[in-house]
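Here is what each chain is made of, one letter per residue.
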Amino acid sequence: MSPGELVRALRRRWYVLIVAAVLAAAGAVQVLHPTQTYLSTAIVVLKPPVTDNQPNQLANLQPPLAAVSFAAVQQLDSPAGAAELRAAGVSGTYRLIPRNSGTSVTPRYLIPSLQIQAEQAEPVAADTAVRKIIEIYTKHLTDLQTQQGVPDSARMSVTLLVPPTAVVQTGTKSRGLAGAALLGGVGGVVAALWADRLLTRRSRRRRTAADAGPVERAEEPERAPLVGAAR
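Everything numeric here is computed off the predicted structure, so don't read it as measured data.

1. Some thoughts on the environment of T200
Within the secondary structure, T200 sits in helix 6 (residues 173-212). Between the C-alpha atoms of T200 and A9, which are 191 residues apart in sequence, the distance is 10.0 Å.

See below:
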């Protein structure tokens, strides 16, 4: 299709472009006045037990602790873990992000700290969801140590480093407006060309049928009546 044919097709289906523009404007209004949500974030750390040789727990953080913490995270990320969180009242969007203490050269999770986030429509609900996730995360680690028969004095513990704090989510409106305009423009052109092709084909079929005229049915030959000879 040449540029001239494209322009003529868009002129013929100008009403499709108007509908696309209205839909894009509705999307732009949603971008300018989005639904306000709050993101709550907390950080916990899995600490080893206090020993005589290492009384400072934070100075004795080892990679195996990070592996144990990540195993609990994988349990919560599984379908069974998601169902457990839903049963506890955790809904909406939430994330469990292990903190990477490595570098770009050695990207290893060495410190067993975990960042927990939850997004809700209310700040109190977001903080509550994070606390419930921390509670279930701690329960999984406790159950794991109970199954292994670890005595209380040698158990790992979960400590809250940063308490849940909810902040309002603010997006970039300029990107949203640009996306709405792009979708409206591309979608309008595609819809207009599709409608023009469809309607043009129908119009051609109608003209062809009109030029052909009505199809006359062939007259059937008259049949001679059957005369019965028997009486």
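2. Concerning the pattern of salt bridges
By the definition in use, this model includes 2 salt bridges. Residue D143 pairs with K139 through a salt bridge whose shortest N-O separation is 2.9 Å. Of this pair, D143 and K139 both sit in helix 5 (residues 123-147), 4 residues apart, roughly one helical turn. Since its relative accessible area comes to 31%, D143 is described here as partly exposed. Assessed through its relative accessible area of 44%, K139 is described here as partly exposed. With its nearest N and O atoms 3.6 Å apart, the salt bridge here joins D152 to R155.

3. A short note on helix 4 (residues 79-87)
Those residues of helix 4 that sit buried are G81, A82 and L85. Each buried residue of helix 4 lies within a common arc of 100 degrees when the element is viewed along its axis, so the set occupies one face. Across helix 4 from its buried face, at more than 90 degrees, point the exposed residues P79, A80, R86 and A87. Of the surrounding elements, those touching the buried residues of helix 4 are helix 3 (63-77), strand 2 (93-98) and helix 5. Trailing helix 4 by a residue or two, G89 shows a phi angle of about 100 degrees, which is positive.

4. Considerations on the packing of helix 3 against helix 4
Between two packed helices, what matters for the description is the angle formed by their axes and the separation of those axes. Interaxial distance between helix 3 and helix 4 falls to 4 Å at its minimum, and their mutual angle equals 75 degrees. Judged on the interaxial angle alone, helix 4 and helix 3 are roughly perpendicular. For the pair helix 3 and helix 4, contact is made by Q75, L76 and D77 and by P79, G81, A82 and L85, respectively. Across the contact of helix 3 with helix 4, the residue classes tally to 4 nonpolar, 2 polar and 1 charged.

5. Remarks on a nonpolar patch on the surface
On the surface, W14, Y15, I18, V22 and L199 cluster together into a nonpolar patch covering about 480 Å² of accessible area. By residue number, the principal contributor to the nonpolar patch is helix 2 (residues 14-32), which donates 4 residues.

6. Observations regarding the packing of aromatic side chains
Two numbers describe a pair of aromatic rings. These are the distance of the centres and the angle of the planes. Scanning all chains against the criterion turns up 1 aromatic pair. Centre to centre, the rings of W14 and Y15 are 5.8 Å apart; their planes meet at 80 degrees, and the pair counts as edge-to-face.

7. Describing the sheet that holds strand 2
In a beta sheet, neighbouring strands are held together by backbone hydrogen bonds and run either parallel or antiparallel to one another. Read from one edge to the other, the open sheet built from 4 strands follows the order 2-3-1-4, with strand pairing classed as antiparallel. The outermost strands of the open sheet, each flanked by one partner alone, are strand 2 and strand 4 (157-168). Each strand of the sheet is rotated relative to its neighbour by a mean of 15 degrees, with strand direction disregarded.

8. With respect to helix 3
Helix length check: helix 3 (15 residues) gives 21 Å between terminal C-alpha atoms against 21 Å at 1.5 Å per residue, within 8%. Within the span of helix 3, buried status applies to L65, A66, S69, A72, V73 and L76. Buried residues in helix 3, looked at end-on, bunch into an arc of 120 degrees, giving them a common side. In this structure, the buried side of helix 3 is in contact with strand 1 (38-47), helix 4, strand 2, strand 3 (113-120) and helix 5.

The rules we used
Residues numbered from 1 in each chain as written. Predicted model: local features only at pLDDT ≥ 70, side-chain atom pairs only at ≥ 80, totals over all residues. Heavy atoms only, no water. Helix = DSSP H or I, 4+ residues; strand = E, 2+ residues; numbered from the N terminus. Salt bridge = Lys/Arg side-chain N within 4 Å of Asp/Glu carboxyl O. Buried < 20%, exposed > 50% of the residue type's maximum accessible area, 1.4 Å probe, protein only. Arc of directions from axis to C-beta. Contact = heavy atoms within 4.5 Å. Axes fitted to C-alpha atoms, helices over the stretch in contact; angles between N-to-C directions. Parallel < 35°, antiparallel > 145°, perpendicular 65-115°, else oblique. Nonpolar A, V, L, I, M, F, W, Y, C, P; charged D, E, K, R; others polar. Patch = residues over 30% accessible without salt bridge, like charges linked within 9 Å, V, L, I, M, F, W, Y side chains within 5 Å. Areas by Shrake-Rupley, 256 points an atom, 1.4 Å probe, with all protein chains shown as cover. Phe/Tyr/Trp six-rings, centres within 6.5 Å; stacked < 30°, edge-to-face > 60°. Pairing = 2+ DSSP bridges. Expected span 1.5 Å × (residues − 1).

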